[in-house]
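Analysis of the macromolecular model
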Amino acid sequence: MLFDKLKKYARQPIVPLHMPGHKRNTNLLGSDLPYEIDITEIDGFDDLHNRTGVLKDSADAAARLYGCRRAFPLVNGATGGLLAAVRAMTRRGDTVIAGRNSHKAVYNAIELCGLRPVWLMPDIDAMTGIAGSIRPEQVAAALDAHPGARLVIVTSPTYEGVVSNIAAIAETTHARGATLLVDAAHGAHFGFSDVFPPSPVTRGADIAVVSLHKTLPSLTQTALTLTSGGCDDARLAAELAVFQTSSPSYVLLASIDRCVRLMASRGEQLFSDYKKRLEDFSARMSSLRHLRVVSCGMDDLVSYPAFFGFDPGKLVIVTRGTDITGAQLQSVLREQYQIELEMAGNGYALAMTSVCDTPEIMHRLADALIEIDASATAGDPAPLIGLPPPETMMTPSDAALLDGEPTPLGDAAGRVALEYVWAYPPGVPFVVPGERVTDEAVQAVRQSNALGLSVRSTCGGVPDTLVTAAVDVDKRASLW
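The structure displayed is predicted, hence computed values, not measured ones.

1. Quick notes on the packing of helix H6 (residues 136-145) against helix H7 (residues 166-175)
Following both chains from N to C, one finds H6 and H7 inclined at 15 degrees, their axes separated by 9 Å at the closest point. Between H6 and H7, the angle is such that the two are roughly parallel. Pair H6 / H7 crosses with right-handed handedness. Here H6 contributes Pro136, Val139, Ala140 and Leu143 to the contact with H7, which in turn contributes Ala168, Ile169, Thr172 and Thr173. Here the residues of the contact of H6 with H7 sort into six nonpolar, two polar and no charged.

And the structure:
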């Protein structure tokens, strides 16, 4: 086990005349940070980008755990894995089919690799405003319309826990000669219990990227790229060497290994206990009268037709239709109950759970929600902000070559955007570089800002200005 090997090495009286510069000098620096096990690729500790020893054993253990062909450790989060996977599975100029609710790493990869995106627009849940599942028939229609597309990219589960039918999407994708990449950053815990969906690589995905740190006991920035099916592992490894550091943190690598070994040795019991805590929490939510928690208590997934499936570890607390907003609920839980949630939107707030949440923590959240619910009253439903349909004029990489200028938001409609605009949460863009700014997009930005959501743009001028270029709309065919 890598962690044990590092601890044993730290006890040896070896003089470290090599990186890193702290030289494991805890007499000077103290022991609050793990200096003793923070090493570089010295003899006996393998090479992340040419694994033959202890790091190969660690990666092989991860592949066995997830039931996939190979697992590649990631030390800069799922972002590096997504960038490398997109580049490994495409060639410049290719068309890719991707969910509009993709992580920004996917958008960045599309731009960096000079790809032509075709966006799949998820349905929006009428109660929460959360983007729903990508439907297999959407994928089929997009591939039929663009038969040269090499890659389909789907996010499942999403940040909020929405799951798509990966098995059906994989079958649809492969039948049309394309490959499937699943951004499962929020689904590292899938497949360890029947209460959660299976891991995407066991349902037909060619590559899945999972963030161990998001939902399993591992340090921030730790993740895995998992492969199966039609993936060129050698090319993926080469691209990972491009997008990952050549000086990987052994502290993070040890965290990955320790997490994998823990799940392999104790995962069954840990997830059995976790399932019981979620069931107990759900039962207590049956007493809610104003608030609701998606698929908990009296709530049922049938009420959310935009969702194919849902991760019960994500607790989406719906405030829409009450006298409080999601942001207000998040503030009350923080200030009065010392409970910090993951995020809040206008009509809901999100609590993320894992195997490390104790029964006491789950009871504390349940008690707080029941108490808040008792003082809540009915209110007007918070307005839902639509996801404007994109009007693509050129690829994001072509847009990056244009000279632009800050344009007042009110004058931006009809021009071509040269930067991203999104509301965070949830981070799904209203506008992407290379798209014509529509009246609907301007309205969505203004509405989000008025509701107090954090509206951001690449260059930071929104909601006042947006960097755009004047391109004749009639030239669309020649540009795209």
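2. Notes on the nonpolar core
Note on soluble globular proteins: their nonpolar side chains tend to be buried together. Ranked by size, the top nonpolar core spans 67 residues in total, and within it Tyr66, Leu180, Leu216, Phe281, Val293, Leu333 and Leu369 carry the most contacts. With nine residues, helix H10 (residues 250-284) is the largest single contributor of residues to this core.

3. Re the pairing of strand S19 (residues 465-469)
Counting buried positions over the five residues of S19 gives four, a clear majority of the element. As paired elements, strand S14 (residues 405-408) and S19 share four bridges and run antiparallel to each other. Bridge pairing in S19 links Pro408 to Thr465. Pairing of strand S15 (residues 416-417) with S19, which is carried by two bridges, proceeds in the antiparallel orientation. Of the residues in S19, the one forming a bridge with Ala417 is Thr468.

4. Let's talk about the pairing of strand S16 (residues 421-424)
Direction of pairing for S16 relative to strand S17 (residues 429-431): antiparallel, over a ladder of two bridges. Of the residues in S17, the one forming a bridge with Trp422 is Pro429. Where S16 folds back onto S17 in an antiparallel hairpin, the turn is made up of four residues, including Gly427, whose phi is positive at roughly 100 degrees. Judged from the four bridges that link them, S16 and strand S18 (residues 454-457) form a sheet pairing that is antiparallel. Residue Ala423 lies in a different strand from S18, and its bridge partner there is Val455.

5. A word on the sheet that holds S17
Reading across from one edge, S17-S16-S18 is the order of the three strands in this open sheet, with antiparallel pairing throughout. The outermost strands of the open sheet, each flanked by one partner alone, are S17 and S18. Neighbouring strand axes in the sheet, compared pairwise and without regard to direction, differ in orientation by 30 degrees on average. Docked against the sheet, helix H14 (residues 439-450) engages S16, S17 and S18, running at close to 135 degrees with respect to S17.

Procedures and definitions
Residues numbered from 1 in each chain as written. Predicted model: local features only at pLDDT ≥ 70, side-chain atom pairs only at ≥ 80, totals over all residues. Heavy atoms only, no water. Axes fitted to C-alpha atoms, helices over the stretch in contact; angles between N-to-C directions. Helix = DSSP H or I, 4+ residues; strand = E, 2+ residues; numbered from the N terminus. Parallel < 35°, antiparallel > 145°, perpendicular 65-115°, else oblique. Left-handed = near helix turned anticlockwise from the far one by under 90°. Contact = heavy atoms within 4.5 Å. Nonpolar A, V, L, I, M, F, W, Y, C, P; charged D, E, K, R; others polar. Core = buried A, V, L, I, M, F, W, Y, C linked by side-chain atoms within 4.5 Å. Buried < 20%, exposed > 50% of the residue type's maximum accessible area, 1.4 Å probe, protein only. Pairing = 2+ DSSP bridges.

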